[in-house]
Amino acid sequence: AQKITQTQPGMFVQEKEAVTLDCTYDTSDPSYGLFWYKQPSSGEMIFLIYQGSYDQQNATEGRYSLNFQKARKSANLVISASQLGDSAMYFCAMRAEDSNYQLIWGAGTKLIIKP
Amino acid sequence: GAVVSQHPSWVICKSGTSVKIECRSLDFQATTMFWYRQFPKQSLMLMATSNEGSKATYEQGVEKDKFLINHASLTLSTLTVTSAHPEDSSFYICSGSTATYEQYFGPGTRLTVT
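Described in the following lines is the structure provided in the data block.

Cut-offs and rules
- Residues numbered from 1 in each chain as written.
- Chains lettered and ligands numbered in written order.
- Predicted model: local features only at pLDDT ≥ 70, side-chain atom pairs only at ≥ 80, totals over all residues.
- Heavy atoms only, no water.
- Core = buried A, V, L, I, M, F, W, Y, C linked by side-chain atoms within 4.5 Å.
- Buried < 20%, exposed > 50% of the residue type's maximum accessible area, 1.4 Å probe, protein only.
- Helix = DSSP H or I, 4+ residues; strand = E, 2+ residues; numbered from the N terminus.
- Pairing = 2+ DSSP bridges.
- Phe/Tyr/Trp six-rings, centres within 6.5 Å; stacked < 30°, edge-to-face > 60°.
- Lys NZ or Arg CZ within 6 Å of the ring centre and 35° of its normal.
- Salt bridge = Lys/Arg side-chain N within 4 Å of Asp/Glu carboxyl O.

Looking now at the nonpolar core. Counting 26 residues, the largest nonpolar core has Tyr25(A), Leu34(A), Trp36(A), Ile49(A), Leu77(A), Tyr90(A) and Leu111(A) as the members making the most contacts within it. Among the secondary structure elements, those contributing two or more residues to this core are β2 (10-14), β3 (19-21), β5 (32-39), β6 (46-52), β8 (64-69), β9 (74-79), β10 (88-96) and β12 (109-114) of chain A. Top contributing element to this core by residue count: β10(A), with five residues. Core analysis: the next-biggest nonpolar cluster, separate from the first, contains 23 residues, Trp35(B), Met47(B), Ala56(B) and Val62(B) among them.

In structure tokens:
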């Protein structure tokens, strides 16, 4: 069965520090994609970064990078030089053929950046 | 990027009335649309998947007679909450998907039933 696990319900981080949000996944499908979304208090889901299971290199998008460790089935999100505007809920999600390409969601991590 | 709109962004209705939420893909054709529900401090819960011109496929535990989904065109899907009750109060999010399975999310609709 497909599953996404985010073990950190909440995190406090000092502004300008780097932060790592954990995500582990479980699937038997060899082809899958991993996503990170940010959800601020307004509610909109903002796509941050994507990693395909066959991608050789870790995905990066500006201050966001995805630490993809396939053997450990982990896909941690790293935010460098955190900003106050980074305070939000962060969700890890997976899409695989076995789940009819629906997104399987983690429980989310609430990140609060302290000034 | 592809844009999805939802209308209304928030709605308050009385118990027993019905509410319709629209989801539109503005600059792409959504072969599939997904409807999610999200309670405070929780993750997204998939309610149903709909393909244009077909009946929606509902997830286990979602009452299809209560949450009516219509996907009339490749750019419009609607969710109607019939005979709404306070427990239906939630944040409803739609997403449109293309043939490449990318999902583009709407901004969400906050429903409060009094």
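Residue and element names in this part refer to chain B. Only one face of strand β1 (residues 4-7) is buried, namely the one carrying Val4 and Gln6, since none of Ser5 and His7 on the opposite face is buried. Summarising the sheet, β1 and strand β3 (residues 19-25) pair through four bridges and their orientation is antiparallel. Among the inter-strand pairings, Gln6 is bridged to a residue of β3, identified as Cys23.

If you walk through the whole model with that rule in mind, you get 15 aromatic pairs over all chains. On the basis of an interplanar angle of 25° and a centroid distance of 6.5 Å, the ring pair of Tyr25(A) and Phe68(A) is categorised as stacked. A residue pair is termed long-range when its members are at least 10 positions apart, and Tyr25(A) in strand β4 (residues 24-26) and Phe68(A) in strand β8 qualify at 43 residues. Since its relative accessible area comes to 4%, Tyr25(A) is described here as buried. Using a relative accessible area of 12% as the deciding quantity, one classes Phe68(A) as buried. Taking 6.2 Å as the distance between ring centres and 20° as the angle between the ring planes, the aromatic pair formed by Phe35(A) and Tyr37(A) counts as stacked. For the pair Phe35(A) and Tyr37(A), a shared accessibility class is recorded, and that class is buried. Three or more aromatic residues link up through ring pairs in this structure, and these residues are Phe35(A), Tyr37(A), Phe47(A), Tyr50(A), Phe91(A), Trp105(A), Phe34(B), Tyr36(B) and Phe105(B). Above the face of the Tyr64(A) ring, Arg63(A) is positioned so that its terminal group lies 5.7 Å from the ring centre.

Residues and elements named next belong to chain B. In the structure shown here, the tally under the stated rule is five salt bridges over all chains. The partner of Arg24 in a salt bridge is Glu22, with the nearest N and O atoms 3.5 Å apart. Given a relative accessible area of 33%, Arg24 falls into the partly exposed group. Glu22 sits in the partly exposed class, given a relative accessible area of 26%.

The next subject is the pairing of strand β2 (residues 10-13) of chain B. Residue and element names in this part refer to chain B. Residues of β2 alternate between two faces, with Val11 and Cys13 buried on one and Trp10 and Ile12 left unburied on the opposite face. In this sheet, strand β11 (residues 109-113) lies alongside β2 in parallel orientation, the contact comprising four bridges. Residue pairing in the sheet places Trp10 in a bridge with Arg110 of β11.

What you tend to see is this: most non-glycine residues have negative phi, and most peptide bonds are trans. Cis geometry is adopted by the peptide bond preceding Pro8(B), which originates at His7(B) and carries an omega value of 0°. Structurally, the position occupied by Pro8(B) is in the loop between β1 and β2. A positive phi angle is found at Lys73(A), which is not glycine, with a value near 55°. Residue position: Lys73(A) is located in the loop between β8 and β9. With a relative accessible area of 30%, Lys73(A) lands in the partly exposed category. Despite not being glycine, Ser83(B) shows a phi value in the positive range, around 45°. Mapped onto the fold, Ser83(B) is located in the loop between β8 (76-81) and β9 (90-97).

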